Amino acid sequence: MAYQRIPLEHFSSTFGSLAELSSVALGGKIVKVSDEFFAEAYHLLLVEPAPSLKGQYGPNGALYSGWETRRHNPTYDWCIIKLGSPGTIVGFDIDTSHFNGNEAPEVSVDALLSTNEDESGLRSAQWTEILPRVPLGPSARHLFSIPESSRYNYVKLNMYPDGGIARFRVYGHISLVLPADDSEPFDLAHIFAGGRVVFTSDQHFGTGSNVILPGRGKDMSDGWETKRNRQHNHKEWVIVRLGAPGRLQTAEIDTANFIGNFPESCELHAINSTSDVPDNDSADWVTILPRMKLGPHRRHFFQLEADQESLFTHVKLTIYPDGGIKRLRIIGTRGKCGGYALPESRAVYASATTPIVQRAALGKVIPVLPLTPEAFAAFGQVIQAYGSHTTAPPGTKITPANRGTASKFHKLALLKSSYPEGCGATAGISVYRCDPVRVTGGMVELNVLERHKHTNQAFIPMGAGGFSWDEALREPGKIYLVVVALNGGDDRPDLSTLRAFVATAAQGIMYNTAVWHQPMTVLERAMDFSCVETQIGDGGNADCEIFDLDEALYLKLPEI
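Notes on the structure follow. Bear in mind that the values here come from a model prediction, so they are computed numbers and not experimental data. Each chain has its residues counted from 1, running along the sequence as written. Where local features are concerned, this predicted model is filtered to residues with pLDDT of at least 70; where side-chain atom pairs are given and counted, the filter is 80 or more; whole-chain, interface and lining totals use all residues. As a rule here, side-chain values come from all non-hydrogen atoms in the structure, and water together with hydrogens is ignored.

Considerations on the overall build of the protein chain
Right, on to step 1. A count of helices and strands for the protein chain gives two helices and 39 strands.
Right, on to step 2. Within the protein chain, counting contacts between residues at least 6 apart in sequence, those at least 24 apart form 82% of the total.
Right, on to step 3. Using a 1.4 Å probe, the Shrake-Rupley method yields the accessible areas, and only the shown protein chains count as cover for residues. Put simply, the protein chain shows about 25800 Å² of open surface, and 50% of that area lies on carbon and sulfur atoms.
Right, on to step 4. Only four residue types enter the charge count, namely Lys and Arg as positive and Asp and Glu as negative; His and the chain termini do not. Every charge is mapped to an atom, namely NZ of Lys, CZ of Arg, CG of Asp or CD of Glu. Between the centroid of the 51 positive side chains of the protein chain and the centroid of its 62 negative side chains there is a distance of 4 Å. Helix and strand assignments follow DSSP, with helices taken as H or I runs no shorter than four residues and strands as E runs no shorter than two, numbered in order from the N terminus. Whether two residues are in contact is decided by their heavy atoms: any pair within 4.5 Å suffices.

Let's talk about the sheet that holds strand S27 (residues 380-383)
Right, on to step 1. The antiparallel open sheet is built from five strands, whose spatial order is S27-S35-S32-S38-S30. The two strands at the open ends of the sheet, each matched to only one other strand, are S27 and strand S30 (426-434). Put simply, the sheet's adjacent strands are angled 15° from each other on average, direction ignored.
Right, on to step 2. Pairing of strand S32 (residues 457-461) with strand S38 (residues 527-535) involves five bridges; the strand directions are antiparallel. Counterpart to glutamine 457 in the pairing with S38 is glutamate 533. Pairing between strands is defined by DSSP: at least two bridges between the two strands are required. Helix axes are fitted only over the stretch in contact, all axes being lines through C-alpha atoms; the angle between N-to-C directions runs from 0 to 180 degrees.

Side note on the nonpolar core
Right, on to step 1. We define a nonpolar core as any set of buried Ala, Val, Leu, Ile, Met, Phe, Trp, Tyr and Cys residues linked to one another through side-chain atoms lying within 4.5 Å. Relative accessibility decides the category of a residue: with a 1.4 Å probe and only protein chains considered, values under 20% of the type maximum give buried, values over 50% give exposed, and everything between is partly exposed. Phe92, Leu248 and Leu268 are the most contacted members of the largest nonpolar core, which totals 89 residues.
Right, on to step 2. A total of seven residues in this core trace back to one element, the largest contributor, which is strand S18 (residues 236-254).
Right, on to step 3. Residues contacting leucine 248, with those up to four places away along its chain left out, are Leu188, Leu242, Ala270, Ile288, Leu304, Ala306, Gln308, Phe312, Val315, Ile330, Ile331 and Gly332.

Quick word on the environment of valine 134
Right, on to step 1. Secondary-structure assignment places valine 134 in strand S9 (residues 128-135).
Right, on to step 2. Sequence separation between valine 134 and proline 185 is 51 residues; the distance between their C-alpha atoms is 45 Å.

A few points about unusual backbone geometry
Glycine aside, the phi torsion of most residues is negative, and most peptide linkages are trans.
Right, on to step 1. Residue proline 161 is reached from tyrosine 160 by a cis peptide bond, and omega for that bond is -20°.
Right, on to step 2. Mapped onto the secondary structure, proline 161 falls in the loop between strand S11 (151-160) and strand S12 (164-165).
Right, on to step 3. Put simply, tyrosine 320 and proline 321 share a cis peptide bond, and its omega is -20°.
Right, on to step 4. Mapped onto the elements of the fold, proline 321 is located in the loop between strand S22 (312-320) and strand S23 (324-325).
Right, on to step 5. Phi at asparagine 402 is positive, roughly 55°, even though this residue is not glycine.
Right, on to step 6. With respect to the helices and strands, the residue asparagine 402 is situated in the loop between strand S28 (398-401) and strand S29 (406-409).

Topic: the pattern of salt bridges
Right, on to step 1. The rule for a salt bridge is simple: a side-chain nitrogen of Lys or Arg has to be within 4 Å of a carboxyl oxygen of Asp or Glu. Evaluation of the coordinates by the stated rule reveals 25 salt bridges.
Right, on to step 2. Between glutamate 374 and arginine 298 there is a salt bridge whose closest N-O contact spans 2.7 Å. With glutamate 374 in helix H2 (residues 373-376) and arginine 298 in the loop between strand S20 (286-293) and strand S21 (299-303), this residue pair connects regions lying 76 residues apart in the sequence. The exposure classification of glutamate 374 matches that of arginine 298, with both residues buried.

What about the environment of glycine 332?
Right, on to step 1. Position of glycine 332 among the secondary structure elements: in strand S24 (residues 327-334).
Right, on to step 2. With relative accessibility at 0%, the residue glycine 332 sits in the buried group.
Right, on to step 3. Linking glycine 332 and proline 493, residues 161 residues apart in sequence, is a C-alpha distance of 26 Å.
Right, on to step 4. Setting aside residues no more than four positions away along its own chain, glycine 332 makes contact with Glu184, Pro185, Phe186, Leu188, Arg247, Leu248 and Gln249.

A few points about the packing of aromatic side chains
One pair of aromatic rings is described through two measures. These are the centre distance and the angle between the planes.
Right, on to step 1. Pairing of aromatic side chains here covers Phe, Tyr and the six-membered ring of Trp, requires ring centres within 6.5 Å, and sorts the geometry by plane angle: under 30 degrees stacked, over 60 edge-to-face, intermediate tilted. Within the structure shown, the criterion is met by 18 aromatic pairs.
Right, on to step 2. Consider the rings of tyrosine 76 and tyrosine 160, whose centres lie 5.3 Å apart with planes at 40°: the pair is tilted. Placement of tyrosine 76 in the loop between strand S6 (67-68) and strand S7 (77-95) and of tyrosine 160 in strand S11 is noted, with a sequence separation of 84 residues between them.
Right, on to step 3. For tyrosine 76, a relative accessible area of 25% translates into the label partly exposed.
Right, on to step 4. Using a relative accessible area of 13% as the deciding quantity, one classes tyrosine 160 as buried.
Right, on to step 5. Look at phenylalanine 459 and tyrosine 511: their rings are 6.3 Å apart centre to centre, the planes differ by 70°, and that puts the pair in the edge-to-face class. Of this pair, phenylalanine 459 sits in strand S32 while tyrosine 511 is found in strand S35 (residues 508-511), placing the two residues 52 residues apart along the sequence.
Right, on to step 6. Overall, phenylalanine 459 belongs to the buried group, its relative accessible area being 2%.
Right, on to step 7. Chaining the aromatic ring pairs together yields one cluster made of Phe376, Phe379, Tyr432, Phe459, Tyr480, Phe501, Tyr511 and Phe529.

Examining the side chain of aspartate 35
Right, on to step 1. Among the secondary structure elements, aspartate 35 is positioned in the loop between strand S3 (29-33) and strand S4 (57-58).
Right, on to step 2. The buried category is assigned to aspartate 35, whose relative accessible area is 12%.
Right, on to step 3. Residues adjacent in sequence count toward polar contacts only when both atoms are side-chain atoms; beyond that, a polar contact is any pair of N or O atoms within 3.5 Å, and within protein one must be able to donate a hydrogen and the other to accept it. Side-chain polar atoms of aspartate 35 contact the backbone nitrogen of phenylalanine 37, separated by 3.2 Å.
Right, on to step 4. Aside from chain neighbours lying at most four places away, what touches aspartate 35 is Trp67, Thr69, Arg70 and Asp77.

Looking at the environment of glycine 215
Right, on to step 1. Tracing the chain through its elements places glycine 215 in the loop between strand S16 (196-200) and strand S17 (224-225).
Right, on to step 2. When sequence neighbours within four positions are dropped, the list of residues in contact with glycine 215 reads Arg327 and Arg329.

Comments concerning the pairing of S7
Right, on to step 1. Most of S7 sits inside the fold, with 17 of its 19 residues counted as buried.
Right, on to step 2. Taken together, the four bridges between S3 and S7 define a ladder with antiparallel strand orientation. Following the sheet pairing, lysine 29 is matched in S7 by lysine 82.
Right, on to step 3. Here S7 pairs with S11 via eight bridges, running antiparallel. Each bridged residue has a counterpart across the sheet, and for aspartate 77 the counterpart in S11 is methionine 159.
Right, on to step 4. Where S7 meets strand S13 (residues 167-174), eight bridges bridge the pair, whose relative direction is antiparallel. Within S13, the position partnered with glycine 87 by the bridge is isoleucine 174.

Quick word on the side chain of aspartate 322
Right, on to step 1. Its location among the elements puts aspartate 322 in the loop between S22 and S23.
Right, on to step 2. Among buried charged residues, aspartate 322 stands out as having no salt bridge; its nearest opposite-charge side chain is arginine 228, 6.9 Å away.
Right, on to step 3. Residues in contact with aspartate 322, not counting those within four places in the same chain, are Thr226, Lys227, Arg228, Asn229, Phe262 and Pro263.

Structure representation (structure tokens):
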């Protein structure tokens with residue numbers, strides 16, 4: 001089979017736009033290996049370059065970050081690898097760094113497409129050679145390109161006759177995982193859906209392309225992280241070319257593992273462009289998420305302000321002033337426009353059970369997102385404890401209490417009241433027992449909003465009863481809805497600001513004064529809430545003003 005050696009200085013131009021199909025970050029794994037006496041084969045797929053372990057020894061000899069087999073093999077050694085994603089293969093990086101005098105003299109690569117969940121018979125399967133036997137040298141990266149192969153999900157690295165290899169990287173095109181129904185929302189930015197990071201302003205500590213990888217990763221090394229910058233209003237950004245043009249609905253911005261180095265805030269813009277890398281300063285970028293605060297080590301969920309009649313091809317995530325982002329998810333539905341010809345040979349159309357497919361909605365259906373302090377900040381405060389004090393919102397005062405048996409999170413929400421003097425309003429604590437609302441087709445109907453013009457209002461979930469004689473709920477619910485909107489210029493709810501969240505029983509909420517909100521709505525089972533508020537108590541509009549919507553809206557619940 002034809003192949004071509006690629007000079008190392010041409011790596012970026014040859015492989016820079018391709019996916020590393022074998023990477024552990026995508027889920028690549030070692031399935032079976034003939035021998036790994038001196039160094040285990042899992043090192044082959046590690047993301048980080050191989051370090052030198054010179055002078056370090058273990059029970060079997062010198063230590064190496066790589067795969068090393070015994071000497072004197074009369075035939076050859078082999079390693080079977082399952083790719084992180086099925087795809088077509090176009091090249092390899094076979095690295096013998098730090099193996100000098102014990103490097104593998106020659107290698108070849110075979111490939112296989114198998115849907116059999118039983119991997120015990122892979123060794124005897126009908127493999128296809130895609131890279132013929134080629135020589136290697138000591139302590140060097142060896143790059144090889146091949147004509148684009150058929151679709152495969154396994155490769156077998158053959159080493160003649162034995163020796164060591166530090167890293168093995170397989171490059172190619174991912175077989176895209178797309179929903180069969182164009183109206184089915186999914187993560188348009190995900191690498192498995194064809195998303196690509198096409199520009200990163202700074203990636204000093206972590207590469208921008210990491211933000212579209214699957215999962216939440218293992219530590220800061222598999223996120224995007226910039227160097228520090230102390231200039232006023234500095235910003236960094238990453239541009240993602242979506243896997244398909246889409247109507248954009250919600251976003252998830254994850255700062256997992258970034259605790260002391262998460263960005264202060266972020267914003268999102270979108271564009272419809274025929275250019276692979278749109279101009280960052282183009283006037284055609286549309287704001288789909290205004291600048292929002294971020295928190296440490298947290299998944300942030302945001303409803304996007306994107307016109308549902310418009311298709312976008314790229315999304316730009318801008319962070320202020322610097323820091324680290326682990327993952328970016330852009331949920332929407334697929335559309336069609338020029339410049340996005342999808343290679344059918346690389347597409348796999350999947351049902352809604354595929355992991356990247358996520359439910360959302362269009363039009364009069366409002367997506368319900370997990371409650372976070374940052375997304376709720378315009379409407380009130382989230383009242384909760386944090387297992388790790390470092391993940392609490394910046395500025396939270398935390399002190400030991402009760403002689404060290406407790407942690408106190410101080411003044412997460414302050415009581416406020418603006419009732420006229422002499423009206424008889426007093427602060428107090430009430431209890432609401434709320435029955436679960438009806439859920440139909442995964443949606444809850446929203447017909448009414450209310451507000452309290454002169455007071456803010458806190459709701460704190462209460463727990464289960466434990467004594468046979470008490471009146472508490474034995475098995476209370478664990479989740480409830482929080483639906484809010486700001487007041488409009490006509491002194492009615494501004495429905496363009498309507499946001500819906502799902503909160504857990506570990507979270508209380510404080511509605512800001514005069515914020516419109518849905519009456520307390522619980523899911524699955526009844527819940528008790530302590531309510532802290534100021535009120536007159538006469539049932540008048542000064543205490544609670546009700547607004548009936550002209551037409552019902554529908555709240556689409558997430559799959560929890």
